[in-house]
Every structure is written in C-alpha cells, then in structure tokens.
Amino acid sequence: MILVGTVASLLAVTPGVVHAVDGPSVPPGTEATASAPVELDANDPDLKLPDGATLAEPKVLDIKQVVEDQSGDERREDTNSDVTFALQAEVLFGKDSAKLGGEAKSRIAAIADEIKTQNATKIRVFGFTDNLGSSAHGDVLSRKRANAVHGVLVQELSDANVTYEVRGYGEQYPIADNSTEAGRKKNRRVEISFPRTQS
C-alpha cells in the first residue's frame, strides 16, 4: 500500500441503520460533526489578538488518512470516527454486471475481518457508477452491486446484531473527473463504511 495523503476534513461520516432504502436524505459523508471539545475565552490576554479582532466559531477538524494501493483498485480512508473501504467495480464485477467475480469474495472477506476487529454493528454499503449510459441504468446497477457486496458481508459476519444501510447512488457523488477513463474507473466503485473503535 502507498500512502496517498492525509487531509483535514470538516465532515465526519455517521452510519445509518436502514436496509435497502432509496432516495438519500444527504450524500454520504456530509453529516454534521461533533461540537468543539474545548471552550475558549475570547477575552483571554494570552490569545494576543490584534485590536478589534474576534474569534471565529470553533470547528472540529476530522483528520482523514487515505491509503490507496498502487493499482488504485482499493482505497481505505480512516477518520477519527469511521473507516471506509472503496473497491473499484472492475475488481468486483464484470463490465455492466452485478455478479461478483472470483477475487471479489476474498477482498470483501478481508474487509469483514476489519469490521469484526472494530466490533462495528452499523455498516453502510454504497454503490456508485460513472456517468456513461443513462442515469436510471446507473442507479439500478449501483444498487444491484451494493446488494451483491452486502450479501457477502452478511455471510462473512453472520451476526444478527449488525444492521446495514444499502444504497445505490448511480453517478451521484463522483470522486474523480468523469471526462477521463481513469476518472470514470475511480467513480465505478462500492464503498463499505463503519464506525471505528473509540480509543
């Protein structure tokens, strides 16, 4: 694995607990974050603010670490609160298909092991496509692909206490430029996310 970058994000992912729901209320990863953990006294002389300056409202920055394998087939994002794995569709499925390929189950099983390690009981499985073809086709294909990955996770985890949110977003929420094949390849993906163990 090669470390691609560490970025600060103002957004944290809060997992849902609904199974196979259509029509998202908000895009993944855009839910509100926690409030600032420390109260600041704006009049404290140690702040050494220039005359007339005031403090802005405090914000909590969620540190995001992104690791992507050299081929770009798999990406892992860790934040203070969540873990997200993104697997490119070509790794999991044939072209325009929702049938899992031979290597797919072992990759999903490895993610299931991480879910067990984190003792996660709320898991999101989201499918995405590029912008080629009709939007309606992308919506259906991404949902079928998310359902296929969900099916393997259910078998691997075999835990009645685990709840899933499974959605197909189609071409919504691209992570790369759809005007190039390299970008479209990144956008064709299934993401699996879950809360990380609080330490």
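Before reading on, note that the structure itself is shown above.
Predicted model only: the values in this text are computed from it and were never measured. (Residues numbered from 1 in each chain as written. Predicted model: local features only at pLDDT ≥ 70, side-chain atom pairs only at ≥ 80, totals over all residues. Heavy atoms only, no water.)

Visitor: Report on the overall build of the chain, specifying residues and quantitative values.
Guide: Looking only at helices and strands, one finds 4 helices and 7 strands in the chain. Moving toward the C terminus, one meets the helices and strands of the chain in the order β-β-β-β-α-α-β-α-β-α-β. Taken across its 199 residues, the chain has 40% of its residues classed as buried. If you take every contact in the chain between residues at least 6 apart in sequence, the share linking residues at least 24 apart comes to 71%. As displayed, the chain offers around 11,100 Å² of accessible surface, 52% of which is attributable to carbon and sulfur atoms. (Helix = DSSP H or I, 4+ residues; strand = E, 2+ residues; numbered from the N terminus. Buried < 20%, exposed > 50% of the residue type's maximum accessible area, 1.4 Å probe, protein only. Contact = heavy atoms within 4.5 Å. Areas by Shrake-Rupley, 256 points an atom, 1.4 Å probe, with all protein chains shown as cover.)

Visitor: Go over the nonpolar core, please, and point to the residues and values.
Guide: The biggest cluster of nonpolar side chains holds 27 residues, and the ones touching the most others in it are Leu92, Leu100, Ile115, Ile123, Val149, Leu153 and Phe194. Elements that contribute at least two residues to this core include exactly strand S4 (82–88), helix H1 (89–92), helix H2 (104–117), strand S5 (122–128), helix H3 (135–157), strand S6 (163–168) and strand S7 (189–195). The residues contacting Phe194, other than those within four sequence positions of it, are Ser81, Asp82, Val83, Phe85, Ile111, Glu114, Ile115, Gln118, Ala120, Lys122 and Ile123. (Core = buried A, V, L, I, M, F, W, Y, C linked by side-chain atoms within 4.5 Å.)

Visitor: Just give me the short version of H3, but keep the residues and values in it.
Guide: If you check H3, its first and last C-alpha atoms are 33 Å apart, about what 23 residues at 1.5 Å a residue would give, namely 33 Å. When H3 is considered as a whole, its buried residues turn out to be Gly138, Leu141, Ser142, Arg145, Ala146, Ala148, Val149, His150, Val152, Leu153 and Leu157. Elements in contact with the buried residues of H3: H1, H2, S5, S6 and S7. Phi for Ser158, located one or two positions after H3, is positive at around 35 degrees. (Expected span 1.5 Å × (residues − 1).)

Visitor: So what about a nonpolar patch on the surface? Which residues, and what values?
Guide: A contiguous nonpolar patch, built from Leu40, Leu47, Leu49 and Leu55 and spanning about 320 Å² of accessible area, is present on the exposed surface. Locating Leu49 in the fold gives a position in the loop between strand S1 (2–9) and strand S2 (62–68). (Patch = residues over 30% accessible without salt bridge, like charges linked within 9 Å, V, L, I, M, F, W, Y side chains within 5 Å. Salt bridge = Lys/Arg side-chain N within 4 Å of Asp/Glu carboxyl O.)

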